[in-house]
Amino acid sequence: MNQLMTVTQVSRACGVSARMLRHYEKMGLLSSTRLEDYAYRVYDTKAVARLVQILVLRKLRIPLKEIALILQDQDPSRRQAIFRSHIAQLDQETAALMTIRGILTRLEEHAGDPAYLTSPELLALTDVLAPAKTGLKEEGTVTEQNHTSPVQTEKLNVRIVHLPPMTVASYHYIGNDPEEVVGDRVSRFVQESKLYDAKPDARMFGFNHPNPGILADGLHGYEDWVTIPEDFPLPEDMTRKQFAGGLYAVLTIRFPEFQYWWELNKWVEASDEFAIDWRGDENTMGGCLEEHLNWIRSAHLNWPKDGADGQIDLMFPIKRKNP
């Protein structure tokens, strides 16, 4: 029996966000359909099974581009080559971890001698270690991030940005696929109003409203803000608001690397200079914003929905510890 499931049902059953489902579809990894006289996308049994395959391979730390090859290439030898390359990488990481463990054991034994850190013996041991690797994961969970190998460390390129007060046009929707519904409506507003011609420096910010898990029915909402001239005319279904601005810790990601919200949060918590400055409540992400870079121009020219290059600024509200 070919059972059909909605986006919400698949999201709950498989533990993956509706945003990630859309991304998998855009990459050609997954397919959905719309039934006649039914507004929402649905997934059949075959599509759900394919999603499970994708999620299993992601847990094995295989990038989405390679997952596409594994699922679409009918040549077993090519799939074997991909798995073999990841086995080799794990072997290298395992060897590196064992080397690091041995060096740390030596340091423990010589803890009473600070000069040992620069001893020829220790320097010879550390010379065999490669520099720490860096690399962005395409997606992930908090659990995955907490189990990241210590060999793969990275320094986040966080910027401190002060947003000035702005007048914004707001559109808010609660229901199935709220990001998609809101994005489509705001894109149409940009095109129909010719906002880009009136304000070529216009920007678009978005945030959950409310967050997933707040409403009893499992739905969540999303709200978009588009900066506009103060007296810019708005359609009836959009609201004019005043955004007070403020100080933010900002990290640029590529869609859909939203697991970096967690990393940005940890960066702020560890900062000696800045502290979290929650604005609002859990219904609105505490004042956190997602700015889709170049999105207004992209919408104006009817380019892909993710913006000109799919780059997004994660913006975490902060304040100085010693103003």
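Residues numbered from 1 in each chain as written. Predicted model: local features only at pLDDT ≥ 70, side-chain atom pairs only at ≥ 80, totals over all residues. Heavy atoms only, no water.

Caption draft 1: Structural view of the sheet that holds strand E3 (residues 41–43). Spatially, E1-E3-E2 is the arrangement adopted by the three strands of the open sheet, whose pairing is antiparallel. Two strands in the sheet have a free side with no partner beyond their single neighbour: strand E1 (5–6) and strand E2 (33–34). Here E2 pairs with E3 via two bridges, running antiparallel. What sits directly across from threonine 33, in E3, is valine 42. (Pairing = 2+ DSSP bridges. Helix = DSSP H or I, 4+ residues; strand = E, 2+ residues; numbered from the N terminus.)

Caption draft 2: Inspection of helix H1 (residues 7–14) at higher detail. All of the buried residues in H1 are Val7, Thr8 and Val10. Projected down its long axis, H1 carries its buried residues within an arc of 165 degrees, all on one side. Residues of H1 that are exposed and angled more than 90 degrees away from the buried face: Arg12 and Ala13. Structurally, H1 contributes buried residues whose contacts are with E1, helix H2 (18–26), E3 and helix H3 (45–59). (Buried < 20%, exposed > 50% of the residue type's maximum accessible area, 1.4 Å probe, protein only. Arc of directions from axis to C-beta. Contact = heavy atoms within 4.5 Å.)

Caption draft 3: How the structure looks around the packing of aromatic side chains. Taken as a whole and assessed by the stated rule, the structure comprises six aromatic pairs. An angle of 75 degrees between the planes, with centres 5.0 Å apart, marks the rings of phenylalanine 207 and tryptophan 225 as edge-to-face. Placement of the pair is phenylalanine 207 in strand E6 (residues 204–208) and tryptophan 225 in strand E7 (residues 220–227), with a sequence separation of 18 residues. The pair phenylalanine 207 / tryptophan 225 is uniform in exposure class, with both members buried. When the ring of tryptophan 225 is compared with that of phenylalanine 243, the centres are 5.2 Å apart and the planes differ by 50 degrees; the resulting orientation is tilted. (Phe/Tyr/Trp six-rings, centres within 6.5 Å; stacked < 30°, edge-to-face > 60°.)

Caption draft 4: Focus on helix H8 (residues 178–193). Its 16 residues place the ends of H8 22 Å apart at the C-alpha level, agreeing with the 22 Å of an ideal helix rising 1.5 Å per residue. Taken as a whole, H8 has its buried residues at Pro178, Glu179, Glu180, Val182, Gly183, Arg185, Val186, Ser187, Phe189 and Val190. Two residues or fewer past H8, lysine 194 is found with a positive phi of approximately 55 degrees. (Expected span 1.5 Å × (residues − 1).)

Caption draft 5: Here's a closer look at the pattern of salt bridges. According to the stated counting rule, one finds 15 salt bridges in the structure shown. With its nearest N and O atoms 3.9 Å apart, the salt bridge here joins glutamate 179 to arginine 22. Separated by 157 residues along the polypeptide, glutamate 179 in helix H8 and arginine 22 in helix H2 bring together distant segments of the chain. Both residues of the pair, glutamate 179 and arginine 22, count as buried. Here glutamate 192 and arginine 188 are joined by a salt bridge, their closest N and O atoms 3.9 Å apart. In this pair, glutamate 192 and arginine 188 both sit in helix H8, four residues apart, roughly one turn of the helix. The exposure class of glutamate 192 is exposed, given its relative accessible area of 58%. Judged by relative accessible area, which is 38%, arginine 188 ranks as partly exposed. (Salt bridge = Lys/Arg side-chain N within 4 Å of Asp/Glu carboxyl O.)

Caption draft 6: Just the pairing of E6, in detail. Most of E6 sits out of view: five of its five residues are buried. Here E6 shows no split at all, with Met204, Gly206 and Asn208 on one side and Phe205 and Phe207 on the other all buried. Bridging between E6 and E7 involves five bridges; their strand directions are antiparallel. When the sheet's bridge partners are listed, phenylalanine 205 is paired in E7 with tryptophan 225. Of the strand pairs in this sheet, E6 and strand E11 (residues 289–292) are connected by two bridges, and their pairing is antiparallel. Each residue of the ladder has a partner; that of glycine 206, found in E11, is glutamate 290.

Caption draft 7: Layout of the side chain of serine 187. Topologically, serine 187 is positioned in helix H8. Classification of serine 187 as buried rests on a relative accessible area of 16%. Apart from residues no more than four positions distant in its own chain, serine 187 is found in contact with Trp295 and Ala299.

Caption draft 8: Spatial organisation of unusual backbone geometry. Proline 210 follows histidine 209 through a cis peptide bond whose omega is 0 degrees. On the secondary structure map, proline 210 appears in the loop between E6 and E7. Non-glycine residue methionine 285 carries a positive phi angle of around 60 degrees. Inspection of the secondary structure puts methionine 285 in the loop between strand E10 (274–276) and E11. Methionine 285 gets classed as buried once you look at its relative accessible area, which sits at 12%. Of note, the phi angle at asparagine 294 is positive, near 65 degrees, even though the residue is not glycine. Here asparagine 294 lies in the loop between E11 and helix H11 (295–300).

Structural measurements only, silent on function.
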